[in-house]
Amino acid sequence: MATTRGSYGFEVAESGLLLDTDDNLERLRRLFLDGKIIDEEWGPGDPGDFDHGGWHILCHLAGGAGIARTASGIAWCAITHVAANDTYEATITYEAGTGVRTVSLSAAEGVRLIAGASFPAFVEGSSQGHIAARGVDDAPEAFNKWPRQRFDQDIRSPDDGGTVWEQWSTTRDLRPESVIGTSVLKGLLTLVACLGGRFIAAVARGRREHGHPRQLVALVEAGVLTADDAAWDVVPQAIPASAQDLLYEARPADALAAARLLAPNPGLQAYFMFGRRIHRWSATADVRADLGLPV
């Protein structure tokens, strides 16, 4: 039986997972456009970035991913680009008999694969390297002058790029009429409905700046995740260079290969971060203090 949680009344299953419903999608939209609940701590941005765009933390959440252990083996769960109509969706990538397949988590095949799966690890989104929407050619004024191709970088480039910056662009417009922004938001809800609150917490805790601590507290207040999820006692592990190069390619098949290299320990849930910002991790004691919990 579904129940509700938090000030936004998010619908949750008995397991505590968010339900992937149209009503919850609209709750997420309202939440990420709500400045009051975060005390106007939107994070850094240019003028106009938050007129119709979401909190800074959203691009990190949309860029993050989960490693699943399914009956078919290790799989990769993330938001990927749909080139046919230039939208995004939550997908699962796995090794099938005919090779690597990427299917929607909402499709019958995705639902079947994820049934009974465990999630041994979550992975930070990339802030360097390629974007998922390779070859896209946005107008210069798109996404409040943040065209996505600006962030499509070679994997050796030190410049801003990757899936996090790509989703920074897409989430500059979360209005219902924004097809791309809405698809990203829907993809995030579908992903979270599978991965759970610890995924949100781990990604959100990757920074102690940009308004992320206040935004994580607001996610708890609203009911997106629980305080126990937010204060998960975990320390991130560094992504090795071999896996980093694959993740910087921002292609599902490469990400699946990276997931196999990360090889999380059975029975232990882990979080993997890129070494360049791992020192900015929000420790458990800090999060508990942010939430007003005993440290």
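Check the entry above for the structure.
As a starting point, this report considers the structure included with it.

Cut-offs and rules
Residues numbered from 1 in each chain as written. Predicted model: local features only at pLDDT ≥ 70, side-chain atom pairs only at ≥ 80, totals over all residues. Heavy atoms only, no water. Helix = DSSP H or I, 4+ residues; strand = E, 2+ residues; numbered from the N terminus. Rg over C-alpha atoms; globule rule 2.2 N^0.38 Å. Buried < 20%, exposed > 50% of the residue type's maximum accessible area, 1.4 Å probe, protein only. Contact = heavy atoms within 4.5 Å. Areas by Shrake-Rupley, 256 points an atom, 1.4 Å probe, with all protein chains shown as cover. Lys, Arg positive; Asp, Glu negative; His and termini not counted. Charge placed at Lys NZ, Arg CZ, Asp CG, Glu CD. Phe/Tyr/Trp six-rings, centres within 6.5 Å; stacked < 30°, edge-to-face > 60°. Core = buried A, V, L, I, M, F, W, Y, C linked by side-chain atoms within 4.5 Å.

### Re the overall build of the protein chain
Broken down by element type, the protein chain carries twelve helices and nine strands. Radius of gyration (C-alpha) of the protein chain: 18 Å, near the 19 Å computed for a compact globule of 295 residues. Burial analysis of the protein chain (295 residues in total) assigns 57% to the buried set. Taking all contacts inside the protein chain whose residues are at least 6 apart in sequence as the whole, residues at least 24 apart take part in 64%. Accessible area for the protein chain stands at about 12,000 Å²; split by element, carbon and sulfur atoms hold 52% of it. Of the side chains in the protein chain, 27 bear a positive and 38 a negative charge, and the two mean positions are spaced by 3 Å.

### What about the packing of aromatic side chains?
The final tally for this structure, using the stated rule, is twelve aromatic pairs. Between the aromatic rings of Trp42 and Phe50, the centroid separation amounts to 5.3 Å while the plane-to-plane angle is 35 degrees, which identifies the pairing as tilted. Assigned by exposure class, Trp42 and Phe50 land together as buried. Each ring, one from Trp146 and one from Trp165, has its centre 6.2 Å from the other, and the planes form 35 degrees; the classification is tilted. Of this pair, Trp146 sits in the loop between α4 (142–145) and α5 (162–170) while Trp165 is found in helix α5, placing the two residues 19 residues apart along the sequence. In this structure Trp146 comes out as buried when scored by relative accessible area, which is 9%. For Trp165, a relative accessible area of 22% gives the class partly exposed.

### Brief notes about the nonpolar core
Core analysis: the biggest nonpolar cluster contains 76 residues, and Phe32 and Trp55 have the highest contact counts within it. Here this core gets nine residues from one element, more than from any other, and that element is helix α6 (residues 179–195). Excluding its chain neighbours within four sequence positions, the residues that come into contact with Trp55 are Leu31, Phe32, Leu33, Asp34, Ile37, Ile38, Trp42, Phe50, Arg172, Gln215, Ala218 and Leu219. Counting residues in hydrophobic clusters, the runner-up holds 18 residues, among them Val123, Ile155, Leu247 and Phe272.

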